[in-house]
Amino acid sequence: MSDKDLAFLAEKMRDIDIAMLMTHAEDGTIAGRPMSNNRDVEYDGDSYYFTTEDARMVKDIERDAKVALTFQGDRMFSISLEGDAELIRDRSELAAHWTPDLDEWFKDTDGVVMIKVRATRAHYWNGEEEGGVRL
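Here is what the cut-offs are and how they apply
Residues numbered from 1 in each chain as written. Predicted model: local features only at pLDDT ≥ 70, side-chain atom pairs only at ≥ 80, totals over all residues. Heavy atoms only, no water. Helix = DSSP H or I, 4+ residues; strand = E, 2+ residues; numbered from the N terminus. Rg over C-alpha atoms; globule rule 2.2 N^0.38 Å. Buried < 20%, exposed > 50% of the residue type's maximum accessible area, 1.4 Å probe, protein only. Contact = heavy atoms within 4.5 Å. Areas by Shrake-Rupley, 256 points an atom, 1.4 Å probe, with all protein chains shown as cover. Lys, Arg positive; Asp, Glu negative; His and termini not counted. Charge placed at Lys NZ, Arg CZ, Asp CG, Glu CD. Salt bridge = Lys/Arg side-chain N within 4 Å of Asp/Glu carboxyl O. Phe/Tyr/Trp six-rings, centres within 6.5 Å; stacked < 30°, edge-to-face > 60°. Pairing = 2+ DSSP bridges.

Visitor: Explain the overall build of the protein chain to me, and be specific about the residues and the numbers.
Guide: Within the protein chain, the regular secondary structure consists of three helices and seven strands. In the protein chain, the order of α-helices and β-strands from amino to carboxyl end is α-β-β-β-α-β-β-α-β-β. Computed over its C-alpha atoms, the radius of gyration of the protein chain comes to 15 Å, within 12% of the 14 Å expected for a compact globule of 135 residues. Along the three orthogonal principal directions, the C-alpha set of the protein chain runs to about 45 × 35 × 25 Å. Within the protein chain, the proportion of its 135 residues that are buried is 43%. Partitioning the intrachain contacts of the protein chain with sequence separation of at least 6 by distance along the chain shows that 63% fall at a separation of at least 24. Surface exposure of the protein chain reaches about 7,800 Å², of which carbon and sulfur atoms provide 48%. Across the protein chain, the 17 positively charged side chains and the 30 negatively charged ones have centroids separated by 2 Å.

Here is the structure:
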């Protein structure tokens, strides 16, 4: 993916707060849930999401780190990402991606886990235009 493609995706993703994060459940089915990107989109192929240690998606990722993300924007713009998830519990790394909006969801960082998704492939649709890239 060229820097131009990354800049294009980052610009589009910045305006889309909610992504659907899909993981592989214990029984092999696909489990999806909405996650906020907290406008943390200086996109270089990595996305960051916060959850709690006891969330099902944490167990799913521990078992199988392959995940997918989908974003639906305005005017027929969509992005589908495939990637590898990493669970981060280090407070300094959490702090680097923490935004004030997260204070409404989490009272403190005890038991909070950051999910870092490193995209390996992106596919986007912009009206009738579409493109696919490997990162």
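More follows now that the structure is in view.
Visitor: Could you give an account of the pattern of salt bridges, with specific residues and numbers?
Guide: The tally for this structure, following the rule as stated, stands at 10 salt bridges. Put simply, Asp 46 and Lys 116 hold a salt bridge, and the shortest N to O gap is 3.8 Å. Of the two residues, Asp 46 sits in strand β3 (residues 46-52) while Lys 116 sits in strand β6 (residues 112-126), which places them 70 residues apart along the sequence. A relative accessible area of 5% places Asp 46 in the buried class. With a shortest N-O distance of 3.8 Å, Arg 56 and Asp 60 are connected by a salt bridge.

Visitor: Describe the packing of aromatic side chains, naming the residues involved and giving the relevant values.
Guide: Summed over the entire model, instances satisfying the criterion amount to two aromatic pairs. Here Phe 50 and Trp 98 contribute two aromatic rings whose centre-to-centre distance is 5.2 Å and whose plane-to-plane angle is 80°, an arrangement assigned as edge-to-face. Here Phe 50, found in strand β3, pairs with Trp 98, found in the loop between α3 (91-97) and β6; they are 48 residues apart in sequence, far enough to count as distant. Assessed through its relative accessible area of 22%, Trp 98 is described here as partly exposed.

Visitor: Tell me about the pairing of β3, and please be specific about residues and values.
Guide: For β3, a buried count of six out of seven residues is recorded, marking the element as mostly surrounded by other parts of the structure. Here β3 runs beside β6; their pairing, made up of seven bridges, is antiparallel. For Asp 46, the partnering residue across the bridge sits in β6 and is Arg 118.

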